[in-house]
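What follows is each chain in one-letter form.
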Amino acid sequence: MILYGVKQGKYYNIENFKHDLSDMEEKGFAKKIYINVTNKCNCACTFCLRSTKEMNENNSLWLKKDNTAQMIIGKFKEYDWKNLEEIIFCGFGEPTMCMDTVLEVADYLKNTHKEIPLRLNTNGSANRENHRDVAKELQGRIDTVSISLNASNAQKYYEITRSKYKEQAYEDMLDFAKECESYVPNVVLTIVDCIGEEEIAACKKVCADRNLTLRIRPFET
Ligand code: SF4
């Protein structure tokens, strides 16, 4: 699957919708389309669908090969998507593992309908993973960067994410968030609401200390 809509935690191929996507709302979907870029990731989060039984090769979001920019752009060209409220780089994997694909697709989307907001959902590892200053490259392309904070300190973060970059990944992620604020209109860190009051309070402090925005989102199974 290349492009999909989401309803109540379930994923629907864009091919289930009409050409002009006018039936999305009738079918109970937000007018948002998600881009499935890659299944690769430099983390192995304990909760990730990539590593649980819910994510197997029969799942249509599972990719044998990454979706290329040409494949993603080609799929958009099959639809009239001018009325979408938002387009999100997401998928079962970390989109910034394929940063050049994200940038090329973002350029196409912005050049076609610049008024539609683009969001990047990420683990915040892009600068380290790509060995370059990716935050700067998001300017004029991405409107919102949503970064999973996951935890209130590096040790807890590593226990949850099992990042390839070990505990260093935590500071990398916070630095990336801070840097993105210089280039992207909206930068938000997220945690889920089921991690306990003490940990939520500690995450709030991490963000407050760095003047970063935190969003607490409902946990979806
Ligand atoms: S960062 Fe995202 S894609 Fe990667 S393992 Fe964690 S939840 Fe899964």
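Residues numbered from 1 in each chain as written. Predicted model: local features only at pLDDT ≥ 70, side-chain atom pairs only at ≥ 80, totals over all residues. Heavy atoms only, no water.

S.K.: Tell me what's going on with the environment of Leu214, and back it up with residues and numbers.
M.R.: Secondary-structure assignment places Leu214 in strand β8 (residues 213–217). As a C-alpha pair, Leu214 and Ile191 span 23 residues in sequence and 7.6 Å in three-dimensional space. Once residues lying within four places of it in the same chain are set aside, the contact partners of Leu214 are Leu149, Val188, Leu189, Thr190, Ile191, Cys203, Lys204 and Cys207. (Helix = DSSP H or I, 4+ residues; strand = E, 2+ residues; numbered from the N terminus. Contact = heavy atoms within 4.5 Å.)

S.K.: Can you lay out the nonpolar core for me, pointing to particular residues and giving the numbers?
M.R.: Ile35, Phe76, Phe89, Leu109 and Leu138 are the most contacted members of the largest nonpolar core, which totals 57 residues. In contact with Phe76, not counting residues within four places along its chain, are Leu3, Ile33, Ile35, Trp81, Ile87, Tyr108 and Leu109. One finds Met1, Tyr34, Leu61 and Phe92 within the second-largest nonpolar core, a separate group that totals seven residues. (Core = buried A, V, L, I, M, F, W, Y, C linked by side-chain atoms within 4.5 Å. Buried < 20%, exposed > 50% of the residue type's maximum accessible area, 1.4 Å probe, protein only.)

S.K.: Describe in detail the sheet that holds β8, supporting the description with residues and values.
M.R.: With mixed pairing, the eight strands of this open sheet are ordered in space as β2-β1-β3-β4-β5-β6-β7-β8. Only two strands of the sheet have a single partner each, and these edge strands are β2 (10–13) and β8. Each strand of the sheet is rotated relative to its neighbour by a mean of 30°, with strand direction disregarded. The pairing of strand β5 (residues 118–122) with strand β6 (residues 144–148) spans four bridges and is parallel. What sits directly across from Leu120, in β6, is Val145. Those strands touched by helix α7 (residues 197–210) are β7 (186–192) and β8, and its axis lies near 155° from that of β8. (Pairing = 2+ DSSP bridges. Axes fitted to C-alpha atoms, helices over the stretch in contact; angles between N-to-C directions.)

S.K.: Please set out the site of the ligand residue by residue, giving values where relevant.
M.R.: In the vicinity of the ligand, the contacting residues are Cys41, Cys43, Ala44, Cys45, Phe47, Cys48, Arg50, Gly93 and Asn123. Here the residues of the shell around the ligand are counted per class, giving six nonpolar, two polar and one charged. (Near = heavy atom within 4 Å. Nonpolar A, V, L, I, M, F, W, Y, C, P; charged D, E, K, R; others polar.)

S.K.: An account of unusual backbone geometry is requested, with residue identities and associated values reported.
M.R.: Positive phi is not limited to glycine here, since Lys166 has a value of about 55°. Mapped onto the secondary structure, Lys166 falls in the loop between α5 (154–161) and α6 (168–180). Judged by relative accessible area, Lys166 falls into the partly exposed class, the value being 48%. The backbone of Asn211 shows a phi angle near 55°, a positive value even though the residue is not glycine.

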